[in-house]
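Below, each chain spelled out in residue letters.
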Amino acid sequence: MVAQRLDEEGLTGDAMAVRGALSKKVPNYLDAARAAREGLGPTWYKVLSEVFDPPRGRALEESLALPRAIWELGSKLVLTTNYDRVLHWACPERDDLRSWDIEAPAELVRLLRDHLDYPTIWHLHGTIANAADLILTPDGYSRLYATNDAGGSHYEAALTSLRVLLASHTLLFIGFSFEDTTFGDQLRWLEETFRGAGGPHYVLVRGAERDRMRARLQGLPLELLTYAEYGEPLVARVRELAAVGHQRPMTP
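Residues numbered from 1 in each chain as written. Predicted model: local features only at pLDDT ≥ 70, side-chain atom pairs only at ≥ 80, totals over all residues. Heavy atoms only, no water.

**Section: the side chain of H123**
Here is step 1 of the chain: Mapped onto the elements, H123 comes out in strand β3 (residues 120-123).
Here is step 2 of the chain: Among the residues examined, H123 registers a relative accessible area of 1% and is labelled buried.
Here is step 3 of the chain: Engagement of the side chain of H123 in a polar contact is seen with the backbone oxygen of N82, the distance being 3.0 Å.
Here is step 4 of the chain: At 3.0 Å, the side chain of H123 forms a polar contact with the side chain of H88.
Here is step 5 of the chain: For H123, the residues in contact, after removing those within four places along its chain, are T80, N82, Y83, D84, H88, S99, W100, D101 and I102. (Helix = DSSP H or I, 4+ residues; strand = E, 2+ residues; numbered from the N terminus. Buried < 20%, exposed > 50% of the residue type's maximum accessible area, 1.4 Å probe, protein only. Polar contact = N/O pair within 3.5 Å; in protein donor to acceptor, adjacent residues only side chain to side chain. Contact = heavy atoms within 4.5 Å.)

**A short note on the packing of helix α3 (residues 29-40) against helix α4 (residues 43-52)**
Here is step 1 of the chain: Where α3 meets α4, the closest approach of the two axes is 7 Å, and the angle between their N-to-C directions is 125 degrees. As judged from the angle between their axes, α3 and α4 are oblique. Contacts between α3 and α4 involve A33, A36, R37 and L40 from the first element and T43, W44 and V47 from the second.
Here is step 2 of the chain: Residues belonging to the contact of α3 with α4 are distributed by class as follows: five nonpolar, one polar and one charged. (Axes fitted to C-alpha atoms, helices over the stretch in contact; angles between N-to-C directions. Parallel < 35°, antiparallel > 145°, perpendicular 65-115°, else oblique. Nonpolar A, V, L, I, M, F, W, Y, C, P; charged D, E, K, R; others polar.)

**Focus on the environment of A243**
Here is step 1 of the chain: Inspection of the secondary structure assignment puts A243 in helix α12 (residues 232-244).
Here is step 2 of the chain: Taking the relative accessible area as the measure of exposure, A243 reaches 68% and is therefore exposed.
Here is step 3 of the chain: The sequence separation of A243 and S23 amounts to 220 residues, and the corresponding C-alpha distance is 40 Å.

**Overview of the pairing of strand β6 (residues 222-227)**
Here is step 1 of the chain: Relative to β6, strand β5 (residues 201-206) runs parallel, the two sharing six bridges. What sits directly across from H201, in β6, is L222.
Here is step 2 of the chain: Between the parallel elements β5 and β6, the chain passes through helix α11 (residues 210-216) in a crossover that is right-handed. (Pairing = 2+ DSSP bridges. Right-handed = clockwise from strand over helix to strand, strands pointing away.)

**Description of the nonpolar core**
Here is step 1 of the chain: Core analysis: the biggest nonpolar cluster contains 34 residues, and W122, F173, F178 and F183 have the highest contact counts within it.
Here is step 2 of the chain: The set of elements that each furnish at least two residues to this core consists of β1 (77-80), α7 (105-112), α8 (138-145), α9 (156-168), β4 (171-173), α10 (181-194) and β5.
Here is step 3 of the chain: In terms of nonpolar packing, the next biggest core, distinct from the first, is built from 21 residues, A90, I174, L241 and A242 among them. (Core = buried A, V, L, I, M, F, W, Y, C linked by side-chain atoms within 4.5 Å.)

**Digging into the pairing of β1**
Here is step 1 of the chain: Across the two faces of β1 the burial is the same, with L77 and L79 and V78 and T80 all buried.
Here is step 2 of the chain: Pairing analysis gives four bridges linking β1 to β3, with the strands arranged parallel. Paired with L77 across the strands is T120, a residue of β3.

**Structural notes on unusual backbone geometry**
Here is step 1 of the chain: Non-glycine residue D114 carries a positive phi angle of around 60 degrees.
Here is step 2 of the chain: Tracing the chain through its elements places D114 in the loop between α7 and β3.

**A few points about the pattern of salt bridges**
Here is step 1 of the chain: This model, assessed by the stated rule, comprises 15 salt bridges.
Here is step 2 of the chain: E61 is paired through a salt bridge with R56; the nearest N and O atoms lie 2.8 Å apart.
Here is step 3 of the chain: Its relative accessible area of 42% is what places E61 among the partly exposed residues.
Here is step 4 of the chain: In this structure R56 comes out as partly exposed when scored by relative accessible area, which is 31%.
Here is step 5 of the chain: A network of salt bridges, in which partner residues are shared, links R5, K46 and E50. (Salt bridge = Lys/Arg side-chain N within 4 Å of Asp/Glu carboxyl O.)

Structural data, given as structure tokens:
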């Protein structure tokens, strides 16, 4: 969609840069996003809104089965790197739902004390409600995950809270490919710092991709849980996990 928009505006070179980044053997989504932002200029935010902020009425009810199953896991907190409102639409307690942007220092303190009283979505990479601050391009990732000259992340409370959660709680990763090594680096930090004592953490993976995922996760403190196929089998697997024990889910 973005490359097509660039073509329509006569920005052929930028469109080629986007397609080139996405057509690599290992697609580079961050470089694609950077090329799109540089090419589109101020229009970039309008395109983001069109992609990530559609009206609720356009969502098919059956498409909400997985996010609804995620809430059935029973955790009051769902962490997500998605920017959209799908988890909001699926929450059974929408009137009480709380939503956090990347950094919410006072709220994160309550989280670390396990004092969440309401269902909460933490948009770790930002929310479309604040499109200018989305963690979507390389410079955005560096603001959250990389340290600056002063020795800390731009979002220090967010990064510290994420690391504490990784060390002290069990997370279930749903929909994560882990092709982006940036988040994986946080798990490597966990393994190196606590020498395998953190977690345990789990990742749901399609059975046909189990061996490839195992190779990709080499060295990361994650246990694989398989499901047969996308769609209803994945929804059924999440509901099965909800029935046997609650996890703190994290979605892409």
